[in-house]
Amino acid sequence: MKSSTLLAGSALACALALSGCGGSDGDLFVGGTFVGVTKTGLVLQNNGGADLVIEPTNNGSGSFAFPQLVETDSGYNVTVKSIPSNASECKPFNNTGKVAFNITTVQIVCTIRQHELKGSITGLTGTLELVNGSDKVTVAPGATSFAMTKINEDAPYAVGILTQPANQTCTVANGSGTMGSNDVTNITVTCGPRTQ
Amino acid sequence: MKLSLIRSAGMMAMALSLASCGGGGDDTYTVAGTVEGLVYPNLVLTTNGVDITVAPPAKAGDPVTFTSPKKLEYGDTYNVTVKTPPPHQSCGVDPRFQLSAADTAGRLAAINARFVCVVNSYTLGGKVTGLTKDNTGLVLANGSNTGTTVIIPSTTDTTGAAFDYQMAGSVQYNQTYSVAVITQPTGRFCTVENPTGTMGDANVTNININCVPR
């Protein structure tokens, strides 16, 4: 109520001054940036208006702007209508306010679901080092299971042996693939006497 | 505040007396600065003919400060440069403060030359053998770090001749890597030679991919 009175007031001032006040034509945009969007499904709205479908990017981040331009002094309230299929949530930040200039500060932060990457070990008598890219896990002698750091849904994985245990050779089965919507638990490491 | 007032008063005094103030003696300035991102020891900076060795911070990630032992007089110029980077890192003037490392002593209340260091990164790659133009669809990955790399054979090759490939993204010094086949190509089964390791100070070029008919 109050804001519409204000608006009317400023519109009147514009009319009286016969000068370009910009606001009334609606020439300002509302937008911002997003992170964590690697799959389709993120839909945003401003003030409950038309859907803005956000296209995913390779690294998950990018920028957006609502095509509907708005007037100076109008309020904006960007909300998340739906989230990407691999995200657990998408939170908006700096998403409400009044438009005084082009808004580029709305942030949408999507959190991609993560899943466990683990498996079993047989015959290990020494210390083994497993790696998945930059993630290194040291496995103690006698261990019968291991777990790497959790990874994002849809991310590739490549579990390999960085350091063989003393006097043993281990091999990895089912070590590579792409993380689906469930934990990966079928990686097997089999160790025996060194073969060389 | 107080300092700069004194300094301008000093300048005024010089101007009024019209005397050569060259000596000064007590009007000294210290070239100091900050280095961010330093991880390894033995960074050597140099300015005004004096070397300054900067050690990494006690707590990883903290910025470190340095101070040149040589005092400058009002009007002396300084230009702090990297004489020797630390091992495994590259250092330079912080691009956000490009003008901070060179100026004239006395123009600023305090000199703070801003430097930043990053750990060097190198690529992963090798040779692919056994893929003809029909064996498309090979996808590799280095763990879950840098997404996937699609290997596209020559569109004219019919013999499976070896060609070089490079993984997408790069790996920092001392980080581990593990390359594996995520998707096998049409009609071939590929294995990875030297799939794991710890990044050194050069590109890795021995991760060869050998593909044979299924």
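Residues numbered from 1 in each chain as written. Chains lettered and ligands numbered in written order. Predicted model: local features only at pLDDT ≥ 70, side-chain atom pairs only at ≥ 80, totals over all residues.

1. Here we look at the environment of Thr 149 of chain B
All names here are of chain B. With respect to the element layout, Thr 149 can be found in strand 13 (residues 148-151). Looking at Thr 149, the number of C-beta atoms within 10 Å reads 20, which means it is buried. With 20 residues separating them in the primary sequence, Thr 149 and Gly 169 have C-alpha atoms 9.1 Å apart. Excluding residues within four positions of it along the chain, Thr 149 makes contact with Leu 140, Ala 141, Met 167 and Ala 168. (Helix = DSSP H or I, 4+ residues; strand = E, 2+ residues; numbered from the N terminus. Buried ≥ 20, exposed ≤ 12 C-beta atoms within 10 Å, placed from the backbone. Contact = placed C-beta atoms within 7 Å.)

2. Some thoughts on the sheet that holds strand 19 (residues 209-213) of chain B
All names here are of chain B. The mixed open sheet is built from four strands, whose spatial order is 14-11-19-17. For this open sheet the edge positions go to strand 14 (163-166) and strand 17 (188-192), each flanked by a neighbour on one side alone. Adjacent strand axes in the sheet meet at a mean angle of 25° when their direction is disregarded. When strand 11 (residues 125-129) meets strand 14, the two strands line up antiparallel, connected through four bridges. Paired with Gly 125 across the two strands is Gln 166, which belongs to strand 14. (Pairing = 2+ DSSP bridges. Axes fitted to C-alpha atoms, helices over the stretch in contact; angles between N-to-C directions.)

3. Comments concerning the domain arrangement of chain B
When its domains are assigned, chain B resolves into domain 1 (26-119) and domain 2 (121-213). The centre of domain 1 of chain B, based on its C-alpha atoms, is set 41 Å off from the matching centre of domain 2 of chain B. (Domains from an automatic or database assignment.)

4. Digging into unusual backbone geometry
Of note, Asp 73 of chain A is a non-glycine position whose phi angle comes to about 80°, a positive value. Within the element layout of this structure, Asp 73 of chain A appears in the loop between strand 4 (62-65) and strand 5 (75-82). When the 17 C-beta atoms within 10 Å are taken as the criterion, Asp 73 of chain A is described as partly exposed. Positive phi is not limited to glycine here, since His 88 of chain B has a value of about 70°. As for its position among the elements, His 88 of chain B is in the loop between strand 6 (81-84) and strand 7 (89-93).

5. Quick look at the nonpolar core
Leu 130, Tyr 157 and Val 159 of chain A together with Leu 124, Leu 140 and Val 179 of chain B are the most contacted members of the largest nonpolar core, which totals 42 residues. Once you skip the residues sitting within four places of it in the chain, Val 179 of chain B turns out to touch Ala 158 of chain A together with Leu 124, Leu 140, Asn 142, Met 167, Val 192, Pro 195 and Ile 207 of chain B. By size, the runner-up hydrophobic cluster in this structure holds 19 residues, among which are Phe 34, Tyr 76, Ala 87 and Ile 108 of chain A. (Core = buried A, V, L, I, M, F, W, Y, C linked by C-beta atoms within 7 Å.)

6. A few points about the interface of chain A and chain B
Contacts between the two partners involve 21 residues from chain A and, on the opposite side, 17 residues from chain B. The set of elements that each furnish at least two residues to the side of chain A that touches chain B consists of strand 10 (128-132), strand 11 (135-139), strand 12 (145-152), strand 13 (156-163) and strand 15 (176-178) of chain A. Of all the elements, strand 13 of chain A adds the most residues to the side of chain A that touches chain B, at seven residues. Taken together, the residues of the side of chain A that touches chain B break down into nine nonpolar, 10 polar and two charged. (Nonpolar A, V, L, I, M, F, W, Y, C, P; charged D, E, K, R; others polar.)

7. Focus: the pairing of strand 5 of chain A
Residue and element names in this part refer to chain A. Relative to strand 5, strand 2 (residues 43-46) runs antiparallel, the two being bridged by four bridges. Residue Asn 46 lies in a different strand from strand 5, and its bridge partner there is Val 78. Bridge count for strand 5 against strand 7 (residues 96-98) is three bridges, and the pairing is antiparallel. What sits directly across from Tyr 76, in strand 7, is Gly 97.

8. A word on the sheet that holds strand 6 (residues 87-93) of chain A
All names here are of chain A. If you trace the four strands from one edge of the open sheet to the other, you get 4-1-8-6, paired in mixed fashion. What marks the edges here is a single partner per strand, and that holds for strand 4 and strand 6. For this sheet, the mean inter-axis angle between neighbouring strands, taken without regard to orientation, is 25°. In this sheet, strand 8 (residues 103-112) lies alongside strand 6 in antiparallel orientation, the contact comprising six bridges. Among the inter-strand pairings, Ala 87 is bridged to a residue of strand 8, identified as Ile 112.

9. A look at the confidence of the model for chain A
All names here are of chain A. Averaged over all residues, the pLDDT of chain A is 89; the fraction at 70 or higher stands at 87%. Confidence, read as mean pLDDT per element, is least for helix 1 (residues 2-17) in chain A (43) and greatest for strand 10 (98). For the stretch residues 1-24, pLDDT sits under 50, and the model shows 15 contacts to residues farther than four places along the chain or on other chains. (pLDDT = per-residue confidence, 0-100.)

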